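Working through the structure, step by step
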Amino acid sequence: MSNPGQFFKDNGYYVAKSVYTPAEVAELEHDFDRIVAQIMASHEKINARWSGAEVEKLGAQGTVVYHTHNVQQYSAAWQRALTNPRLLDITESML
C-alpha cells in the first residue's frame, strides 16, 4: 500500500482497494439486504429523497430513496467491517 495519508493530503481523496476480502464483502452485502428488508417490513417512513424545484426538474417526484444509518447496530458483520484494522490503518493515516 502506498501512503494513503500523503495521497489524501495531496489530492483530497483516496481510493482504498482490497480492504475487505470477497467473502467479507459477500457477508456485508447479505447483511445489508437483510437490514433493508427489516426496515421496509417495519413500514416506517424512511424516504430520504430530497424535495424542491431541482428535484422536480429531474422528474424524480415519484422516486424513493431508502436510507439506513448505524448499520453496525444491527449487524455484527458491519461492526467488524467498521472496526477492521485494515480500514482503521488507512483512516488513521489520513487523520
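Summarised in this report is the structure supplied together with it. Quick caveat, the model's predicted, so the values are computed rather than measured. (Residues numbered from 1 in each chain as written. Predicted model: local features only at pLDDT ≥ 70, side-chain atom pairs only at ≥ 80, totals over all residues. Heavy atoms only, no water.)

1. A short note on the overall build of the protein
Regarding its fold elements, the protein presents 5 helices and 0 strands. Seen in sequence order, the protein has helices and strands lined up from the N terminus as α-α-α-α-α. Since a compact globule built from 95 residues should have a radius of gyration of about 12 Å, the 18 Å found for the protein marks it as more spread out than a globular shape. Expressed as lengths along the three principal axes of its C-alpha atoms, the size of the protein is roughly 45 × 35 × 20 Å. As presented, the protein carries roughly 7400 Å² of accessible surface, and 57% of it is formed by carbon and sulfur atoms. (Helix = DSSP H or I, 4+ residues; strand = E, 2+ residues; numbered from the N terminus. Rg over C-alpha atoms; globule rule 2.2 N^0.38 Å. Areas by Shrake-Rupley, 256 points an atom, 1.4 Å probe, with all protein chains shown as cover.)

2. Points about the pattern of salt bridges
Per the counting criterion, the structure on display carries 4 salt bridges. Between Lys57 and Glu54 there is a salt bridge, with the nearest N and O atoms lying 3.2 Å from each other. Highlighted residues: Lys57 and Glu54, both in helix α3 (residues 53-58), separated by 3 residues, approximately one helical turn. Since its relative accessible area comes to 64%, Lys57 is described here as exposed. The class for Glu54 is exposed, based on a relative accessible area of 53%. (Salt bridge = Lys/Arg side-chain N within 4 Å of Asp/Glu carboxyl O. Buried < 20%, exposed > 50% of the residue type's maximum accessible area, 1.4 Å probe, protein only.)

3. Concerning the side chain of Asp31
With respect to the secondary-structure elements, Asp31 resides in helix α2 (residues 22-41). Under the relative-accessibility criterion, Asp31 is labelled buried at 14%. Setting aside residues up to four positions removed in sequence, Asp31 forms contacts with Ser75, Ala77 and Trp78. (Contact = heavy atoms within 4.5 Å.)

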